[in-house]
Amino acid sequence: MPLVIAMDGPSGSGKSSASKGVARALGLRYLDTGAMYRAMTWWMLQNGVPVEDGGAVAARALEPVIESGTDPDAPTITVDGTDVSGPIRTREVTNAVSAVSSVPAVRTRLVELQREIIGTGGIVVEGRDIGTVVAPDAPVKVYLTASEEARAARRAKDLAADPAATVTVTQAEQARRDRLDSTRKASPLTMAGDAHEIDSTELSLSEVVETIVRLAKEQE
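Cut-offs used in this document
Residues numbered from 1 in each chain as written. Predicted model: local features only at pLDDT ≥ 70, side-chain atom pairs only at ≥ 80, totals over all residues. Heavy atoms only, no water. 1 Å grid on protein atoms, 1.4 Å probe; cavity = no way out; pocket = protein on both sides within 12 Å on 5 of 7 lines; lining within 4 Å. Points joined across faces, edges and corners; volume = space filled by probe spheres on them. Helix = DSSP H or I, 4+ residues; strand = E, 2+ residues; numbered from the N terminus. Nonpolar A, V, L, I, M, F, W, Y, C, P; charged D, E, K, R; others polar. Expected span 1.5 Å × (residues − 1). Buried < 20%, exposed > 50% of the residue type's maximum accessible area, 1.4 Å probe, protein only. Contact = heavy atoms within 4.5 Å. Pairing = 2+ DSSP bridges.

## A look at the layout of surface pockets
Here's step 1: When its volume is computed, the largest pocket comes out at roughly 1000 Å³.
Here's step 2: Taken together, 48 residues line the largest pocket, and the ones lying closest to its centre are Ser-16, Asp-32, Arg-89, Glu-126 and Arg-155.
Here's step 3: When contributions to the lining of the largest pocket are tallied by element, the ones reaching two or more residues are helix H1 (15–26), strand E2 (29–32), helix H2 (33–46), helix H4 (91–101), strand E6 (123–127), helix H7 (148–158), helix H8 (167–183) and helix H9 (205–217).
Here's step 4: Here the lining of the largest pocket is built from residues that sort into 15 nonpolar, 17 polar and 16 charged.

Next comes the structure, spelled out in structure tokens:
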């Protein structure tokens, strides 16, 4: 059976960096499912769909063609053939993605795409419902977390080009998103019962990667 590592956790916990690092260390592919929800959100915003209207979002959820690359050294995400890796990281998309990702029709569509990608070989998959919904049979499940302050500082650093994205503002927006994602009816953010919880607040990236690689090798 191909090795599947499910990486879940809230935003700013270090999932992306850790997932790519683990994928490189083990020679696996990498999939950022959050980027897929961001891509869907970007498309809705570009097409004037009111993202707070679940019915309107559901009605158009099948339209965009979303494709994800799985190279951990150069992950890609396109919508209708357009590279959106930059635009999907804006605060506008970040603050709208929880509303779009809570729509069942969106989750059904993207989970199907995610499972198709997972089914073609070993992979590290990061998101918020990987171990609970997308790949519940994954032999290695990790729930990566960190303190609110640490997560906000990391996210603000990622958004350094936006002067409005201060640590204080980022922490408030992040808390709102975590609350929405944890309480939504469709695939809420939660830790799988058999997941290994890792608090990355005081750990370096290499320490997090080494811990997960060790867990993976214990499954061999």
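## Brief notes about H9
Here's step 1: Along its 13 residues, H9 runs 18 Å from first to last C-alpha, staying within 8% of the 18 Å computed at 1.5 Å per residue.
Here's step 2: Of all the positions in H9, only Val-208, Val-209, Thr-211, Ile-212, Val-213, Leu-215 and Ala-216 are classed as buried.
Here's step 3: Buried positions along H9 lie against strand E1 (4–8), H1, strand E7 (140–145) and strand E8 (196–199).

## Topic: the sheet that holds strand E3 (residues 66–68)
Here's step 1: Reading across from one edge, E3-E4-E5 is the order of the three strands in this open sheet, with antiparallel pairing throughout. Edge positions in the open sheet fall to E3 and strand E5 (82–83), since each of these has one partner strand only.
Here's step 2: Relative to E5, strand E4 (residues 77–79) is paired through two bridges, and the arrangement is antiparallel. Residue Val-79 lies in a different strand from E5, and its bridge partner there is Thr-82.

## As for empty space enclosed by the protein
Here's step 1: Across all of its chains, the model carries one cavity of 30 Å³ or more by this definition.
Here's step 2: Approximately 80 Å³ is the volume found for the largest cavity.
Here's step 3: Taken together, ten residues make up the lining of the largest cavity; nearest its centre are Thr-94, Arg-155, Thr-170, Glu-173 and Gln-174.
Here's step 4: The set of elements that each furnish at least two residues to the lining of the largest cavity consists of H4 and H8.
Here's step 5: Per element, the largest residue contribution to the lining of the largest cavity is four residues, and it comes from H8.

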